[in-house]
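# Working through the structure, step by step
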Amino acid sequence: MNCRGLIIVKFKVSELAIVQLGYQQREKNDSRSIGTHKLLQVKDVVTEGRFLEYFESSMGIWTGNLHMVTPKGQAWKYQIQPGDVLFVAKGNRNYGIAIDPRWVRPYPESWENVLASSHFYILRPSVQRIIPEYLAWCLNQPSTQSLLQSIATGSLMKMIPKISFENILLDVPTIEIQRKIIDLQFLSEQERYLMNSISKKRSLIIQTVCDKAAKEMNQEPVENKHERTDQPR
């Protein structure tokens with residue numbers, strides 16, 4: 001596709017990245033603080049509420065409270081690496097997050113022995129064709145989200161089948177254009193974050209002023225007290 005000089009090529013997800021299902025924890029772990037590996041679970045994905053104040057973007061990954069596990073088998077297959085994209089494949093909300101300091105807080109000094117759980121597909125992009133941030137951005141676009149909803153299976157727990165996911169077609173421009181899109185997107189997210197922060201602070205100031213005014217109105221002037229005391233009975 002060539003839109004006014006902009007070259008866009010359609011690729012299947014499988015042509016853009018290796019797709020690996022995350023680690024399926026089968027062993028019982030009575031202590032979440034003991035183990036050889038850290039396990040990143042879907043609960044560690046932040047989309048609203050807790051920890052969201054630490055992210056400029058509307059979603060992210062919080063690594064401050066990862067569970068510990070001692071995996072069996074080839075744990076290296078499920079290990080997260082910088083530059084990966086984690087795609088939430090199970091549940092009613094399916095989206096991608098790039099493993100990047102902008103979307104991961106606190107960002108670990110090392111990802112060694114950090115695994116992704118089976119709620120995720122671990123995507124390892126082919127950087128010659130696509131950058132991780134753009135891959136996540138593509139997966140989160142409304143058109144792709146609608147397609148994901150249409151291919152989801154299951155009733156109680158929705159899941160995006162791996163084969164169907166790998167066959168999704170994405171529009172991929174040049175690496176230079178991809179970087180520009182992500183830069184604009186992140187600037188937009190930063191603006192939204194700052195505007196929300198300003199709005200919250202403004203609301204707090206207004207509330208503080210109103211509370212102070214209400215307290216002053218409810219306090220009886222000292223002069224009135226003296227006047228009442230001096231009056232004869």
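The structure displayed is predicted, hence computed values, not measured ones.

How each quantity is defined
- Residues numbered from 1 in each chain as written.
- Predicted model: local features only at pLDDT ≥ 70, side-chain atom pairs only at ≥ 80, totals over all residues.
- Heavy atoms only, no water.
- Helix = DSSP H or I, 4+ residues; strand = E, 2+ residues; numbered from the N terminus.
- Buried < 20%, exposed > 50% of the residue type's maximum accessible area, 1.4 Å probe, protein only.
- Contact = heavy atoms within 4.5 Å.
- Areas by Shrake-Rupley, 256 points an atom, 1.4 Å probe, with all protein chains shown as cover.
- Pairing = 2+ DSSP bridges.
- Salt bridge = Lys/Arg side-chain N within 4 Å of Asp/Glu carboxyl O.

What follows concerns the overall build of the chain. The helix and strand inventory of the chain stands at six helices and 14 strands. Counting only residues that meet the buried cut, the chain has 36% of its 233 residues in that class. Considering only contacts within the chain whose residues lie at least 6 apart along the sequence, 78% involve residues at least 24 apart. Counting every atom, the chain has about 14600 Å² of accessible surface; 54% of that belongs to carbon and sulfur.

Residues of strand β14 (residues 169-172) alternate between two faces, with Leu170 and Val172 buried on one and Leu169 and Asp171 left unburied on the opposite face. With four bridges connecting them, strand β3 (residues 9-12) and β14 associate as antiparallel partners. Within β14, the position partnered with valine 9 by the bridge is valine 172.

Counted according to the given criterion, the structure contains seven salt bridges. A salt bridge links glutamate 133 to arginine 102; the shortest N-O distance between them is 2.9 Å. Here glutamate 133, found in helix α2 (residues 132-139), pairs with arginine 102, found in the loop between β10 (96-98) and β11 (104-105); they are 31 residues apart in sequence, far enough to count as distant. For glutamate 133, a relative accessible area of 15% translates into the label buried.

Before going further, it helps to examine the side chain of serine 117. Along the chain, serine 117 falls in the loop between β12 (114-116) and β13 (120-125). For serine 117, a relative accessible area of 6% corresponds to the buried category. Excluding anything up to four places from it in sequence, serine 117 contacts Gly22, Tyr23, Leu39, Leu40, Gln41 and Val42.

Attention shifts here to the sheet that holds β11. Pairing is mixed in the open sheet, where three strands are placed in the order β6-β7-β11. Taken across any chain shown, the strands that pair with only one partner, and hence form the sheet edges, are β6 (45-46) and β11. Direction of pairing for strand β7 (residues 60-62) relative to β11: parallel, over a ladder of two bridges. Note that in β11 the partner of tryptophan 62 across the bridge is arginine 105.

Distances and angles like these do not, on their own, reveal function.
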